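Commentary on secondary and tertiary structure
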Amino acid sequence: HPDYSDEEIRREVHNFTVTVDSADGGLRLEEGGTVYNEMVSAWELLTYGVLGLVAAIVALVFVKVLYRVEDLFEAIPVRPWLLTPVGGLMIGALALAFPQILGVGYDALDSMLHGRVELAVVLGIVAFKLTATAVSIGLRIPGGPIGPTLVIGGAAGAVLGLLLKHWLPFDG
């Protein structure tokens, strides 16, 4: 295996933005720059292991909540389409308490990636988005899990990043 020094191991994040051209309505992909972040210490690898554990725990919680929600709604003796408005009311109530969960969540994810969100907000995004997504999928409301699970996972990683930034002496 190749012998790499810490200086040779780089993490690169490419920032792209999709915009709508006002003249013709076409979509444009614009590069917003590249962020290079050098690995300062091999101890940083430990944080990746912790991140994997956090992601696994969040995934297990999501699956358990999803199955419980599905079981709960399947046990109600009414036609499934009658439960759809109930799900909408539940998600609406969650959104009143925490509006960042509405939509796919890419704006919230972008804010987290750029460090513009406080820890309490990120924790709320994990909890409320996870619950709203489980309700939506559990009731078979169209939408899909891909976008929301990216946001939930990104928020879980952001929670860990914010905590590590506070507890450990890493710069940046």
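Residues numbered from 1 in each chain as written. Predicted model: local features only at pLDDT ≥ 70, side-chain atom pairs only at ≥ 80, totals over all residues. Heavy atoms only, no water.

The subject of this paragraph is the overall build of the chain. When you go through the chain residue by residue, the secondary structure sums to 5 helices and 2 strands. Counting only residues that meet the buried cut, the chain has 27% of its 172 residues in that class. Summing over all exposed atoms, the chain offers an accessible surface of approximately 11800 Å²; the carbon and sulfur share of this is 66%. (Helix = DSSP H or I, 4+ residues; strand = E, 2+ residues; numbered from the N terminus. Buried < 20%, exposed > 50% of the residue type's maximum accessible area, 1.4 Å probe, protein only. Areas by Shrake-Rupley, 256 points an atom, 1.4 Å probe, with all protein chains shown as cover.)

A few words on the environment of L139. Positionally, L139 belongs in the loop between α4 (119–138) and α5 (146–167). Between the C-alpha atom of L139 and that of P80, which follows or precedes it by 59 residues, the distance is 7.6 Å. Sequence-distant contacts of L139, defined by excluding residues within four places in its chain, comprise F73, L83 and G87. (Contact = heavy atoms within 4.5 Å.)

Once that is clear, we can look at a nonpolar patch on the surface. On the surface, I76, V78, W81 and L82 cluster together to form a nonpolar patch covering roughly 380 Å² of accessible area. Residue placement: W81 occurs in helix α2 (residues 80–97). Overall, W81 belongs to the exposed group, its relative accessible area being 58%. (Patch = residues over 30% accessible without salt bridge, like charges linked within 9 Å, V, L, I, M, F, W, Y side chains within 5 Å. Salt bridge = Lys/Arg side-chain N within 4 Å of Asp/Glu carboxyl O.)

This next bit is on unusual backbone geometry. Not every positive phi belongs to a glycine, and R140 is a case in point at roughly 60°. As for its position among the elements, R140 is in the loop between α4 and α5. Among the residues examined, R140 registers a relative accessible area of 55% and is labelled exposed.

This part takes up the packing of aromatic side chains. Evaluated as defined, the whole model comprises 1 aromatic pair. Note on F98 and F128: the rings are 5.1 Å apart at their centroids and 10° apart in plane angle, and the pair reads as stacked. Of this pair, F98 sits in the loop between α2 and α3 (106–113) while F128 sits in helix α4, and the two are 30 residues apart along the sequence. A relative accessible area of 12% means that F98 is categorised as buried. (Phe/Tyr/Trp six-rings, centres within 6.5 Å; stacked < 30°, edge-to-face > 60°.)

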